[in-house]
Amino acid sequence: MSKLYFYFSAMNAGKTTTLLQSDFNYRERGMNTVCFLPALVAEQWNPLITSRVGLSRVPIVLSNDMDLLTIMAAEMEKQTVSCIFVDEAQFLSKRHVRQLCRIVDRLDIPVLTYGLRTDFQGELFEGSRHLLAWADHLQEIKTICFCGKKAIMTARFDGFGNKVIDGDQIDCGGNDRYISLCRKHHDIVENNHDCISLSAVGEQPGFQDCSSANQVDL
Ligand SMILES: [Zn+2]
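To start, this report covers the structure provided alongside it. Nothing here was measured: the structure is a model prediction, and the numbers come from that model.

Attention now goes to the nonpolar core. Nonpolar side chains tend toward joint burial in soluble globular proteins. In terms of nonpolar packing, the biggest core is built from 51 residues, with Ile84, Val86, Ile103, Val111, Ala155 and Leu181 touching the most fellow members. In terms of residue count, the dominant contributor to this core is strand E1 (residues 4-9) (5 residues). When residues of this core are assigned to domains, at least three fall in each of domain 1 (4-140) and domain 2 (153-207).

Rendered as structure tokens:
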């Protein structure tokens, strides 16, 4: 019985690297896989799924009008697909998450999705909301705040390195505009009305009081 998996984290936790390594493991054993990437990311950011460790994969770009169940049913007529991977899954629509559920339940193909849980304001993305609700298996990919605690939030900074506290949920800017923080330090960034810059994170008075907490279990 196949399952729908959602691997979630804050920014820069190695989600794409994990996806590509899992995909590589399937294909190394002679099994076929299919990778999807939401059109928003492919068009505004990078049309490939790539990681810093050198692996990359050409995905099927997923636009709003595509029916994933129909696509995969047609694909299974041509070849057996052992696993489906979805990167940047936070950008999936509710409809696409529903279709992924049907692929698992009707076609019996495992689907592994990877994405951010929340945006820079701490709100769930649409794709993440429905994956958290409907996936069979939830797993956090852990990364740490500069203080050593688990980072579960993401803060956004502008092109000048200054904090951004409102604006569009989706901004496919460079990864260097985002920093993963624990909930406490995200709260400080969001509510400290003094200008906090990216370079100053870690040097502000409010940032120092748990800097010795490096032994916290993630
Ligand atoms: Zn922290």
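Once you've had a look at it, read on.
This part covers unusual backbone geometry. Within the chain, Asn12 stands out as a residue other than glycine whose phi angle is a positive 60°. Since 16 C-beta atoms lie within 10 Å of it, Asn12 is described here as partly exposed. For Glu88, which is not glycine, the phi torsion reads 55° and is therefore positive. Within the secondary structure, Glu88 is located in the loop between strand E6 (81-86) and helix H4 (94-107).

At their nearest, the axes of helix H3 (residues 68-78) and H4 sit 8 Å apart, and the two run at 35° to each other. Residues Leu68, Leu69, Met72, Ala73 and Met76 of H3 lie in contact with H4, whose contacting residues are His96, Gln99, Leu100, Arg102, Ile103 and Leu107. Residue classes in the contact of H3 with H4 are distributed as 8 nonpolar, 2 polar and 1 charged.

Moving on: the environment of Ala73. Of note, Ala73 is situated in helix H3. The partly exposed category is assigned to Ala73, around which 14 C-beta atoms lie within 10 Å. Taking the C-alpha atoms as reference points, Ala73 and Ile103, separated by 30 residues in sequence, lie 8.3 Å from one another.

The next point concerns the environment of Asp65. Relative to the helices and strands, Asp65 resides in the loop between strand E5 (60-62) and H3. Expressed as a C-alpha distance, the spacing of Asp65 and His96, which sit 31 residues apart in the sequence, is 9.5 Å.

With that out of the way, let us pick up the pairing of E1. Where burial is concerned, most of E1 is hidden: 6 out of the 6 residues are buried. Going residue by residue along E1, you find Leu4, Phe6 and Phe8 tucked away on one face and Tyr5, Tyr7 and Ser9 tucked away on the opposite face as well. Alignment of E1 against strand E7 (residues 111-116), held across 6 bridges, turns out to be parallel. Bridge pairing in E7 links Tyr7 to Tyr114. Taken together, the 4 bridges between E1 and strand E8 (residues 137-140) define a ladder with parallel strand orientation. Counted as the bridge partner of Tyr5 is His137 from E8.

Across its 14 residues, helix H1 (residues 15-28) extends 20 Å between first and last C-alpha, which sits within 8% of the 20 Å expected from 1.5 Å per residue. For H1, the full list of buried residues reads Lys15, Thr16, Leu19, Leu20 and Asp23. Down the axis of H1, the smallest arc covering the buried residues is 125°, so these residues share one side. Those residues of H1 that are exposed and angled more than 90 degrees off the buried face are Asn25 and Glu28. Where H1 ends, the next residue or the one after it, Gly30, has phi of about 80°, a positive value.

Here we take up the sheet that holds strand E11 (residues 178-181). Here 3 strands make up an open sheet; going across it, the order is E10-E9-E11 and the pairing antiparallel. In this open sheet, the two edge strands, each paired with only one partner strand, are strand E10 (163-164) and E11. By the bridge criterion, 4 bridges tie strand E9 (residues 153-157) to E11 in an arrangement that is antiparallel. Across the sheet, residue Ala155 finds its bridge partner in E11, namely Ile179. On the sheet, helix H6 (residues 183-191) packs against E9, E10 and E11 and is oriented at approximately 30° with respect to E9.

Thresholds, definitions, all that
- Residues numbered from 1 in each chain as written.
- Predicted model: local features only at pLDDT ≥ 70, side-chain atom pairs only at ≥ 80, totals over all residues.
- Core = buried A, V, L, I, M, F, W, Y, C linked by C-beta atoms within 7 Å.
- Buried ≥ 20, exposed ≤ 12 C-beta atoms within 10 Å, placed from the backbone.
- Helix = DSSP H or I, 4+ residues; strand = E, 2+ residues; numbered from the N terminus.
- Domains from an automatic or database assignment.
- Axes fitted to C-alpha atoms, helices over the stretch in contact; angles between N-to-C directions.
- Contact = placed C-beta atoms within 7 Å.
- Nonpolar A, V, L, I, M, F, W, Y, C, P; charged D, E, K, R; others polar.
- Pairing = 2+ DSSP bridges.
- Expected span 1.5 Å × (residues − 1).
- Arc of directions from axis to C-beta.

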